[in-house]
Structures are given as structure tokens and as C-alpha cells.
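Summary of structural features
Given next are the chains, with one letter for each unit.
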Amino acid sequence: MSYFGGEYDVAVIGAGHAGCEAALAAARLGMKTAIFSISLEAVANMPCNPHIGGSSKGHLVREIDALGGEMGKNIDKTMIQIKMLNTSKGPAVHSLRAQADRKRYQMEMKHTLEKQKNLDIKLVKSNLFEKVKGKYDVIISNPPYISYNEEIMDIVKNNEPNIALFADNEGLYYYEEILKSCKDYLNDEYLIAFEIGATQKDKIIALVNKYLPNSNIISKKDMQGRDRMIFIMNKK
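Reference entry: report on the structure contained in this document.

**As for the packing of helix H3 (residues 71-78) against helix H4 (residues 102-115)**
Contact pair H3 / H4: the axes reach a minimum separation of 9 Å and the direction vectors enclose 130°. The orientation of H3 with respect to H4, classified from their angle, is oblique. The two elements H3 and H4 meet at a crossing, and its hand is right-handed. Together, Met71, Asn74, Ile75, Lys77 and Thr78 of H3 and Arg104, Tyr105, Glu108 and Met109 of H4 make up the contact between the two elements. Residues that form the contact of H3 with H4 fall into these classes: four nonpolar, two polar and three charged.

Pasting the structure below:
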């Protein structure tokens, strides 16, 4: 069985927080964009403790907001309560966190995507590229990248589906599978963007050199100085 979803400049795989922001940014820049999700209910679906901000990612939400992103606007519309954390400590660790109405947040973000010009939501249940047809300029992916041997918080492990967290081959399985096959779905000039685990940069770069040896590679750190993104480009 095959699936043809049309011709697009950008394909965003997955409609979590990062996928929604990436798809909206690309569409607002005038690129014809498709975002892929396994169901409409999975678009912007939040975890068991649904909130935006807090000590670990509050700065990231503010950066997204400053660049015209949607996460901050969406939580303003759907929050239950908002609180400044760590007020008993110094101002350097003060952090704003908004608790979300989980279903309203998901529905509001989905509605925002549906209204956006140049953006289509495609519902495809596929094993990687199995049912994806056509060629693209951009592939964006935040695959499961936690090794089965890695220790993570119980609240995450017990409430999130393992398929969304863990991957074989020290967390590298999906990166290698994407890199193996992506040339069949990319135009001559392309960009691939991966979110990565903090210790995976060198191993993923080795995979890129194996499967896309003529590409340019740029890595970026997060605000805590940890390796977090890899961009793979081929420009004429």
C-alpha cells in the first residue's frame, strides 16, 4: 500500500511541541509545509504533568516567544494557573511555570495549525518512510533517543509510552534508519535537523559521514551547554 501526500518544501515528522513550532515557522516563511502525525489527538499532546515553563525549559519558551512562536501564546489561552517558582531563592533561579488544561492546549494548538496558510496536517501511520512519497527540501525529526540502559525519572518512565522514549543501539537506531533512507526523499539541496541526546553528537556525526558523506554538519548546544541539535546540509 502506498500513500502520496502531495509535493512540499518542508516535511515535519511528528507534531509535538518542537514539530508544531517547526511547521508553523516554515509555513510562515512561505514554504509549503506538511506536518505528519499518527492522529489529530496526538498533535501537541502534553505529558502527565501538563505545564509550560519551569526551571529546566522556561528560558526556551521565552526564546520561542521572542522569535514569534506559538507555545507561549497557546498556554496564555489555556492555562489553569501560573506561578513563579523558587521565590525563596535568588532571582537567578526564579522561573515562571503555567499549568495547562491538557485537552484545551492540544485542541487550541491543533486549531492554530489547521488555520495556518501553507501548512497541511497529514495523518500517516508509517514505519519511518514506509508510506511517505515524494521529495523534500527539509526533514525535521526528534526521534526516541534514550538508551534502554539509561536511567530516567520514574514519573517519565511510568507515564510515557516506551516507544516514544527508548531506542536500540544506544539510542541511535532511528537516526541510522533515517540517514540510511533519507536520500530517496530529499532534493539535491537539503536540510536535515535532529534533536539529539546530550552524549550522542560524535556518534551521530559518524553516521552522517557514513550515509551522507558530502554533507555539511553544524551542531548546536542548549542553554545549559549540552549538545542538543545537529543540522545536516547540502547546498550547491
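This is not the end of the story, as more comes after the structure.
**Thoughts on unusual backbone geometry**
For alanine 44, which is not a glycine, the phi torsion comes out positive at approximately 55°. Considering the arrangement of structural elements, one finds alanine 44 in the loop between strand E2 (33-37) and strand E3 (51-53). Look at alanine 44 and you get buried, because its relative accessible area is 1%. Phi angles above zero are rare outside glycine, and glutamate 170 is one such case at about 60°. With respect to the element layout, glutamate 170 can be found in the loop between strand E9 (166-167) and helix H6 (173-181). Judged by relative accessible area, glutamate 170 falls into the partly exposed class, the value being 48%.

**Focus on the packing of aromatic side chains**
Counted according to the given criterion, the structure contains four aromatic pairs. When the ring of tyrosine 173 is compared with that of tyrosine 174, the centres are 5.0 Å apart and the planes differ by 85°; the resulting orientation is edge-to-face. Centre to centre, the rings of tyrosine 175 and phenylalanine 194 are 5.1 Å apart; their planes meet at 80°, and the pair counts as edge-to-face. With tyrosine 175 in helix H6 and phenylalanine 194 in strand E10 (residues 186-195), this residue pair connects regions lying 19 residues apart in the sequence. By relative accessible area, which is 0% here, tyrosine 175 ends up buried.

**With respect to the pattern of salt bridges**
A complete count under the given rule lists nine salt bridges for this structure. Note that arginine 226 and aspartate 222 form a salt bridge whose closest N and O atoms lie 3.4 Å from each other. Taking the relative accessible area as the measure of exposure, aspartate 222 reaches 23% and is therefore partly exposed. Salt-bridge contacts for aspartate 222 lead to arginine 228; the nearest nitrogen and oxygen are separated by 3.5 Å.

**Points about the sheet that holds strand E4 (residues 79-85)**
With antiparallel pairing, three strands are arranged side by side in an open sheet as E3-E5-E4. Whereas interior strands pair on both sides, the edge strands pair on one side only; in this sheet they are E3 and E4. In this sheet, adjacent strand axes meet at a mean angle of 20° when their direction is disregarded. Against the sheet, H3 makes contact with E3, E4 and strand E5 (95-100), and its axis sits at roughly 115° relative to E4, the strand it touches most.

**A look at the side chain of serine 147**
Inspection of the secondary structure puts serine 147 in strand E8 (residues 146-147). Excluding residues that lie within four positions of it along the chain, serine 147 makes contacts with Phe166, Ala167, Glu170 and Gly171.

**Looking at a nonpolar patch on the surface**
A cluster of nonpolar side chains, namely Met79, Ile82, Met84 and Leu96, defines an oily patch on the protein surface of about 300 Å² accessible area. Here the element with the most residues in the nonpolar patch is E4; it accounts for three residues. Position of methionine 84 among the secondary structure elements: in strand E4.

**Thoughts on the pairing of strand E7 (residues 136-141)**
As paired strands, strand E1 (residues 10-13) and E7 are joined by four bridges and run parallel to one another. Residue valine 10 lies in a different strand from E7, and its bridge partner there is valine 138. Pairing between E7 and E10: five bridges, direction parallel. Bridging across to E10, valine 138 finds its partner in leucine 191.

**Things to note about the environment of glycine 58**
The topology assignment puts glycine 58 in helix H2 (residues 58-66). In this structure glycine 58 comes out as buried when scored by relative accessible area, which is 10%.

So, how was this worked out
- Residues numbered from 1 in each chain as written.
- Predicted model: local features only at pLDDT ≥ 70, side-chain atom pairs only at ≥ 80, totals over all residues.
- Heavy atoms only, no water.
- Axes fitted to C-alpha atoms, helices over the stretch in contact; angles between N-to-C directions.
- Helix = DSSP H or I, 4+ residues; strand = E, 2+ residues; numbered from the N terminus.
- Parallel < 35°, antiparallel > 145°, perpendicular 65-115°, else oblique.
- Left-handed = near helix turned anticlockwise from the far one by under 90°.
- Contact = heavy atoms within 4.5 Å.
- Nonpolar A, V, L, I, M, F, W, Y, C, P; charged D, E, K, R; others polar.
- Buried < 20%, exposed > 50% of the residue type's maximum accessible area, 1.4 Å probe, protein only.
- Phe/Tyr/Trp six-rings, centres within 6.5 Å; stacked < 30°, edge-to-face > 60°.
- Salt bridge = Lys/Arg side-chain N within 4 Å of Asp/Glu carboxyl O.
- Pairing = 2+ DSSP bridges.
- Patch = residues over 30% accessible without salt bridge, like charges linked within 9 Å, V, L, I, M, F, W, Y side chains within 5 Å.
- Areas by Shrake-Rupley, 256 points an atom, 1.4 Å probe, with all protein chains shown as cover.

It is worth stressing that arrangement in space is one thing and function is another; only the former is reported here.
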